[in-house]
Amino acid sequence: MACHVPLRQTSCHRRRVAATVSAKLLHWYDQHARDLPWRNPPGLPVPDDPDWPYRVWLSEVMLQQTTVAAVKPYFARFVETWPTVEALAEAEDAEIMSAWAGLGYYSRARNLAKCAREVAQLGGFPRTEAELLKLPGLGAYTAAAIAAIAFGERAVVVDANVERLVSRLFAIEEPLPSARKAIRERADSITPNERAGDFAQAMMDLGSQICTTRAPKCLLCPLLEDCLSRANGIAESLPVKLPKKAKPQRKGTAFWIERGEGKRREVWLVTRQGTGMLGGMRALPDDGWSAREDGSGEAPLKGEWEPLGAVSHVFTHAALTLSVVHYSGDHLPEGEGGWWPIARIEDAGLPTLFAKAARLALAKD
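The shown structure was predicted, so the numbers you read here are calculated from the model rather than taken from an experiment. (Residues numbered from 1 in each chain as written. Predicted model: local features only at pLDDT ≥ 70, side-chain atom pairs only at ≥ 80, totals over all residues. Heavy atoms only, no water.)

### As for the overall build of the chain
Point 1. Looking only at helices and strands, the chain has 13 helices and seven strands in total.
Point 2. With the C-alpha coordinates aligned to their principal axes, the bounding extent of the chain is approximately 90 × 45 × 30 Å.
Point 3. Per-residue burial over the chain gives 46% buried out of 365 residues.
Point 4. Nonlocal contacts in the chain, meaning residues at least 24 apart in sequence, comprise 67% of its contacts between residues at least 6 apart.
Point 5. Across the chain, the mean location of the 45 positive side-chain charges is 8 Å away from that of the 44 negative side-chain charges. (Helix = DSSP H or I, 4+ residues; strand = E, 2+ residues; numbered from the N terminus. Buried < 20%, exposed > 50% of the residue type's maximum accessible area, 1.4 Å probe, protein only. Contact = heavy atoms within 4.5 Å. Lys, Arg positive; Asp, Glu negative; His and termini not counted. Charge placed at Lys NZ, Arg CZ, Asp CG, Glu CD.)

See the structure below:
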């Protein structure tokens, strides 16, 4: 009996899709793969290069919750500065954090340093998902992606693009995150044994370019005939996501303390504690705000403080309004910290929040 398109999933549909989708998708990828600096051209074997897994790992860590366009210049700078995982392993944490500044989600940079050192001790990256998962900062997606792309191992690679594509292909209407088990099972059913890396990247490319969150380009999709949600007119509504909780609003204060005149002007910078928000990053001193509570408002020096305005920033767990105040007293700060030339403030490696605060302070000159 021939299969027909139902109003819901059937085993008939799943078998038909599993039998054809990988071939269709790989054919599409051969013609439309994005040219990215960390990618191997489609159809070619995994490069026989000991540094290839390093480049794959670095790109995948950078791409977590970050766009390709944002990652490209950072990736280029990292591989130029540290062309091997051994070179990165020897770098100081402060150097790595400074090079990462502006890319966000700074725990990734801290784990990057830890992972590089562990891999250097191991003598290279392990090949399997199970062993890769033991490395700092590697979750299920990243471990699977490295196994597939760097080593050609069959692995089920599921990121947000793949979640969206698979949920639409099989019309999985269960809301996220509870739908992830079914999505992974369906993704597993269509993952081929050969060309695992190409298939994983084909899924990502199709999700980012064709099967987009809004206004998916269904008529251009190589899987149009197999897509159950398209047949039922519900493609754009999938995957189903529960309403997000409103992020708590936090308030804090950053302190702009400077000395000198003209080209000799300097600003006092500190290094934040190695754990917690923006841990290990160079920054302006602040009043101790966190994702859980507002800052104390206490200034580090006695004297008059001039309000300069405020900047806003949204973190994963909270939104922050950071007031910026300028010190006009005669005291100098003490303790851990150092003076940084204001003319070279862009080279300080400040995270985005404090870079915004510095630009605000300098705009008030």
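### Let's talk about the nonpolar core
Point 1. With 77 residues, the main nonpolar core has Trp57 and Phe354 as its most contacted residues.
Point 2. In terms of residue count, the dominant contributor to this core is helix H8 (residues 140–151) (10 residues).
Point 3. Each residue touching Trp57, except ones within four places of it in the same chain, is listed here: Val85, Leu88, Leu112, Cys115, Ala116, Phe125, Leu138 and Ile146.
Point 4. By size, the runner-up hydrophobic cluster in this structure holds 28 residues, among which are Leu26, Ile190, Met203 and Cys221. (Core = buried A, V, L, I, M, F, W, Y, C linked by side-chain atoms within 4.5 Å.)

### Here we look at the sheet that holds strand S6 (residues 319–327)
Point 1. As summarised here, the arrangement of the three strands in space is S1-S6-S5, forming an open sheet in which the pairing is mixed. Whereas interior strands pair on both sides, the edge strands pair on one side only; in this sheet they are strand S1 (249–256) and strand S5 (305–314). When the angles between neighbouring strand axes are averaged without regard to direction, this sheet yields 25°.
Point 2. Across eight bridges, S1 lies against S6 in parallel orientation. (Pairing = 2+ DSSP bridges. Axes fitted to C-alpha atoms, helices over the stretch in contact; angles between N-to-C directions.)

### Brief notes about unusual backbone geometry
Point 1. With an omega of 5°, the peptide bond between Leu176 and Pro177 qualifies as cis.
Point 2. Note that Pro177 resides in the loop between helix H9 (160–169) and helix H10 (180–190).
Point 3. Of note, the amide linkage connecting Leu238 to Pro239 takes the cis form, showing an omega dihedral of -5°.
Point 4. Checked against the element boundaries, Pro239 lands in the loop between helix H12 (228–231) and S1.

### Some points on the packing of H9 against helix H11 (residues 196–209)
Point 1. Contact pair H9 / H11: the axes reach a minimum separation of 8 Å and the direction vectors enclose 80°. As judged from the angle between their axes, H9 and H11 are roughly perpendicular. For the pair H9 and H11, the contacting residues are Asn161, Val162, Arg164, Leu165 and Val166 in the first and Met203, Met204, Leu206, Gly207 and Ser208 in the second.
Point 2. The residue makeup of the contact of H9 with H11, split by class, is six nonpolar, three polar and one charged. (Parallel < 35°, antiparallel > 145°, perpendicular 65-115°, else oblique. Nonpolar A, V, L, I, M, F, W, Y, C, P; charged D, E, K, R; others polar.)

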